[in-house]
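# Structural description and commentary
Residues per chain, in single letters:
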Amino acid sequence: MHALRHFYASVLLDTGENVKELSDYLGHNDPGFTLRVCTHLMASSDAPARKAVDGLYEGTDSAPDGQETAQGH
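Here the structure is a predicted model, which means the values were calculated and not measured.

The grouping of M1, L4, F7 and V11 at the surface amounts to a nonpolar patch, some 470 Å² of accessible area in total. Looking at the secondary structure, you find L4 in helix 1 (residues 2-14).

Applying the stated criterion across every chain, the model contains 2 salt bridges. Across the salt bridge formed by D24 and K20, the nearest N and O atoms sit 3.1 Å from each other. Highlighted residues: D24 and K20, both in helix 2 (residues 19-26), separated by 4 residues, approximately one helical turn. Note that D30 is salt-bridged to R36, the shortest N-O span being 3.5 Å. The exposure class of D30 is partly exposed, given its relative accessible area of 36%.

What follows concerns helix 1. With 13 residues, helix 1 should reach 18 Å at 1.5 Å per residue; the first-to-last C-alpha distance of 18 Å fits that figure. Looking at the buried residues of helix 1, the elements they touch are helix 2 and helix 3 (31-38). Backbone geometry just after helix 1 places G16 at a positive phi near 100°.

Conventions we followed
Residues numbered from 1 in each chain as written. Predicted model: local features only at pLDDT ≥ 70, side-chain atom pairs only at ≥ 80, totals over all residues. Heavy atoms only, no water. Patch = residues over 30% accessible without salt bridge, like charges linked within 9 Å, V, L, I, M, F, W, Y side chains within 5 Å. Areas by Shrake-Rupley, 256 points an atom, 1.4 Å probe, with all protein chains shown as cover. Salt bridge = Lys/Arg side-chain N within 4 Å of Asp/Glu carboxyl O. Helix = DSSP H or I, 4+ residues; strand = E, 2+ residues; numbered from the N terminus. Buried < 20%, exposed > 50% of the residue type's maximum accessible area, 1.4 Å probe, protein only. Expected span 1.5 Å × (residues − 1). Contact = heavy atoms within 4.5 Å.

Here is the structure:
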C-alpha cells in the first residue's frame, strides 16, 4: 500500500500538483520532505531544467568543446 501511495504522490507532482497541498494531504509536515521522497520517481523531473539551460545556448556558436578545445589554447 505504501508503494501505491508513493507512486500516487509522484504522479500528482509530475502533473503539476501544488506541493504544499499534496504535502498536507499526505500528512507530511514539510513540503520539502514530500519532494525529497517522491520526485525521484519522476522521469521528467529534470526535463524542464534541462530545456531551460539548453534554451540559453540556442543560436550560439556550436564550436566543439571539451578536451580538444582545451588542448588548442
